[in-house]
Amino acid sequence: MYKLETIISLAKRRGFIFQSSEIYGGLNGCWDFGPLGVEMLRNLKEEWWRAMTYRDDIEGVDASILMHPRTWEASGHVSQFSDPMIDNKTSKARYRADNLIEEHIERLRKKNKTIQADELENKLNDVVELTDYFNLIIEYEIPDPVSGTKDWTEVRNFNLMFKTFVGPVEDNGSVVYLRPESAQGIFVNFNNVLTTSRQKIPFGIAQIGKAFRNEINTKNFLFRTREFEQMEMQYFVKPGNEKDWYEYWKEQRWNWYLGLGMNPEKMKFKVHEKLAHYANMAVDIEYLFPFGWGEIEGIHSRTDFDLRNHQEFSGKKMEYVDTVNNERYIPYVIETSGGVTRSLMAFLCDAYNEEDAPTESGAMEKRTVLKLHKRIAPLTVAVFPLVNKDGMPELAENIYKELHKKFKAQYDTSGAVGRRYRRQDEIGTPFCVTVDGQSLEDNTVTIRERDTMLQDRVNISQLESYINERIGQ
Ligand code: GAP
């Protein structure tokens, strides 16, 4: 298992991911995708979009980020989308009360105070009210990790939605929120999609888009950020059928990650014991990151919670009319909700490898290689002349220009060819084409595969189909 710092460092050095507004010292919880990162991000979204919407029963939408503020009252986010926060009066540091207690349990365990740790853990699991957190912090004399003092404020709920204003007047009447999930853009469009697409239940609506949460503890690179992207799909089913569809979507979504090469030994399902306010069944797909297990996608059975509430708050019917069976009902919903940015990080961690590899001279050296699935790797092919003379650069550049019309490609002439292979391995490029002396005689080139490092000799005219076959297009 490699350290997260190693992956962050590669991501920055090779242009995958930069800190947001780095020249000003950065903005916590926000990241920018560089030239390679954006390619990988787009590839991942394309894979999801194809898997989820290139089928008969799912339609796509792209809803606005700013929505009518009543949306968030109906969804429960205004009243319930909050974390319990506590401030230390000396350090002025703010903490999530549950995290503060959890970290204290960890410290007790490290000091072998197992009985006390177990007792506190049990009490934490039984917390009902905000004051329960406060009482535990006082009872166990939990200190501020920064100042070491125990002068705490009471525990308050802190809503995670970012607020802003529409129009020129900054008053209560003009408050809107940056959406904390893309799902509500789907629910409010339920009738629009139903009538325009003429879908029949069961059917789904899919969307990829940004979401924003004023997370208190942003941490672990792309794992918990304040601005991130989600890929969500709401599947509308007849009430009573939700269990079968829940199982179906669990399997589909698990297989999507497998299909893109994720290591199943680093994946697991984690069933929710504490359910979100809208769910009657929920499970996470978790990935084993360098810092431990973390959710990459949730599959939730949301009942008719959202549509029913939108019906009540908007006064518009959110029903499905089944003309065949002469029934009308508010559909139940199975949601698949993945983070694009979080799963990109999981794929990066999963692909990272350091291994011994032979150099051109036969000696062994360490190579860093991103074993990314061929369809999500930022570049598909790199083209090199073996040496920069004898007409090889001209031919190589022509091949590059042709391939670049079909695939994301790179042309590289600098340094020994072995170095160039290593540079491409490190960013996960699946194929490297090299023009050598023989190419000028018989129009063939070598094409090297990243993981096996084996080379084939292929006619230049066959390159496109050779690559297409191997990336499954
Ligand atoms: N519509 C349901 C929903 O939003 P969620 O479990 O809160 O459910 C779904 O979020 C997914 O969105 C998570 O599995 C994760 O991949 C991603 N996600 C949530 N909060 C995030 C954050 N602060 N930073 C990055 N990704 C996040």
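Residues numbered from 1 in each chain as written. Predicted model: local features only at pLDDT ≥ 70, side-chain atom pairs only at ≥ 80, totals over all residues. Heavy atoms only, no water.

With respect to the pattern of salt bridges
The final tally for this structure, using the stated rule, is 43 salt bridges. In this structure, Arg70 engages Glu73 in a salt bridge whose closest nitrogen and oxygen atoms are separated by 3.0 Å. Of this pair, Arg70 and Glu73 are both found in helix α3 (residues 70-74), three residues apart, which corresponds to roughly one turn of the helix. Note on Arg70: relative accessible area 37%, which makes it partly exposed. Taking the shortest distance from any N to any O, the salt bridge between Asp412 and Arg423 comes out at 2.8 Å. With Asp412 in the loop between β20 (409-411) and α14 (417-427) and Arg423 in helix α14, the pair connects residues that are eleven residues apart, well separated along the chain. Judged by its relative accessible area of 29%, Arg423 is partly exposed. (Salt bridge = Lys/Arg side-chain N within 4 Å of Asp/Glu carboxyl O. Helix = DSSP H or I, 4+ residues; strand = E, 2+ residues; numbered from the N terminus. Buried < 20%, exposed > 50% of the residue type's maximum accessible area, 1.4 Å probe, protein only.)

A few points about the domain arrangement of the protein
The assigned domain composition of the protein is domain 1 (4-78 + 160-347), domain 2 (82-158) and domain 3 (379-471). Once you take the C-alpha centre of each, domain 2 and domain 3 turn out to be 57 Å apart. (Domains from an automatic or database assignment.)

Some thoughts on the site of the ligand
Close to the ligand lie 22 residues; Glu181, Arg213, Thr225, Glu232 and Glu295 are nearest. Here a nitrogen atom of the ligand sits 3.3 Å away from a polar atom, N or O, in the main chain of Phe223. Contact between the ligand and Glu335: a nitrogen atom at 2.8 Å from a side-chain N or O atom of the residue. Relative to its unbound accessible surface of 550 Å², the ligand loses 93% to contact with the protein. Of all the secondary-structure elements, those providing two or more residues to the shell around the ligand are β10 (227-237), β13 (292-303) and β16 (332-339). Top contributing element to the shell around the ligand by residue count: β13, with five residues. Among the residues making up the shell around the ligand, the classes are represented as six nonpolar, six polar and ten charged. (Near = heavy atom within 4 Å. Polar contact = N/O pair within 3.5 Å; in protein donor to acceptor, adjacent residues only side chain to side chain. Areas by Shrake-Rupley, 256 points an atom, 1.4 Å probe, with all protein chains shown as cover. Nonpolar A, V, L, I, M, F, W, Y, C, P; charged D, E, K, R; others polar.)

Considerations on the environment of Glu215
Relative to the helices and strands, Glu215 resides in the loop between β9 (203-212) and β10. Sequence separation of Glu215 and Ser64 is 151 residues, and the distance between their C-alpha atoms is 22 Å. If we skip the residues at most four places from it in the chain, Glu215 touches Leu160, Arg224, Thr225 and Arg226. (Contact = heavy atoms within 4.5 Å.)

Considering the packing of helix α2 (residues 35-53) against helix α10 (residues 242-259)
Remark: α2 packs on α10, axes separated minimally by 12 Å, with the N-to-C direction vectors making an angle of 145°. Seen along the crossing, α2 lies across α10 with a hand that is right-handed. Where α2 abuts α10, its residues Leu44, Glu47, Trp48, Ala51 and Met52 lie against Trp249, Arg253 and Trp256. Of the residues in the contact of α2 with α10, the class split is six nonpolar, no polar and two charged. (Axes fitted to C-alpha atoms, helices over the stretch in contact; angles between N-to-C directions. Left-handed = near helix turned anticlockwise from the far one by under 90°.)

Focus on the nonpolar core
Grouped together as the largest cluster of nonpolar side chains are 54 residues, with contacts concentrated most on Phe16, Tyr257 and Phe347. Ranked by residue count, the leading element in this core is helix α12 (residues 340-351), at eight residues. What Phe347 contacts, discounting residues up to four positions off in sequence, is Met40, Leu44, Trp256, Tyr257, Leu260, Met262, Leu372 and Ile376. In this structure, Ala396, Tyr400, Val433 and Val435 belong to the second largest nonpolar core, which totals 20 residues. (Core = buried A, V, L, I, M, F, W, Y, C linked by side-chain atoms within 4.5 Å.)

Overview of the sheet that holds β9
With mixed pairing, seven strands are arranged side by side in an open sheet as β3-β9-β10-β16-β13-β12-β11. The open sheet has two free edges, formed respectively by β3 (58-60) and β11 (267-271), since each of these has just one partner strand. Neighbour-to-neighbour, the strand axes of this sheet turn through a mean angle of 25°, independent of strand direction. Two elements, β3 and β9, share three bridges in a ladder whose sense is parallel. Directly across from Gly60, in β9, lies its bridge partner Ala206. Packed on one face of the sheet, α2 meets β3, β9, β10 and β16 and runs near 160° to β9. (Pairing = 2+ DSSP bridges.)

Looking at a positive patch on the surface
A contiguous patch of positive charge, built from Arg107, Lys110, Lys111 and Lys113, is present on the exposed surface. Tracing the backbone shows Arg107 in helix α5 (residues 97-110). (Patch = residues over 30% accessible without salt bridge, like charges linked within 9 Å, V, L, I, M, F, W, Y side chains within 5 Å. Lys, Arg positive; Asp, Glu negative; His and termini not counted. Charge placed at Lys NZ, Arg CZ, Asp CG, Glu CD.)

A word on the pairing of strand β4 (residues 82-87)
Of all six residues in β4, five are buried; the element is thus mostly enclosed. Examined bridge by bridge, β4 and strand β6 (residues 156-159) share four bridges and lie antiparallel to one another. Within the sheet, the bridge partner assigned to Asp83 lies in β6 and is Phe158. Sheet topology places β4 next to strand β5 (residues 94-96); three bridges connect them, and they run antiparallel. For Asp87, the partnering residue across the bridge sits in β5 and is Arg94.

So, the side chain of Asn309
Tracing the chain through its elements places Asn309 in helix α11 (residues 305-314). Owing to a relative accessible area of 16%, Asn309 belongs among the buried residues under this scheme. Polar contacts involving the side chain of Asn309 include one to the main-chain carbonyl oxygen of Ala74, which spans 2.9 Å. The contact partners of Asn309, leaving out residues within four places of it in the chain, are Ala74 and Asp304.

Concerning α11
Burial in α11 covers these residues: Phe305, Asp306, Leu307, Asn309, His310 and Gln311. Check the buried side of α11 and you find it contacts α3, α8 (183-187), α9 (190-197), β10 and β13. With its phi angle positive at about 75°, Gly315 sits one or two positions after the end of α11.

Quick notes on the sheet that holds β6
Backbone-to-backbone hydrogen bonds pair the strands of a sheet. The strands run either parallel or antiparallel. Strand order in the open sheet formed by three strands is β5-β4-β6, and the pairing between neighbours is antiparallel. What marks the edges here is a single partner per strand, and that holds for β5 and β6. With direction set aside, neighbouring strand axes in the sheet form an average angle of 50°. Most of the contacts of helix α7 (residues 130-139) go to β4, to which it runs at about 35°, and overall it touches β4 and β6.

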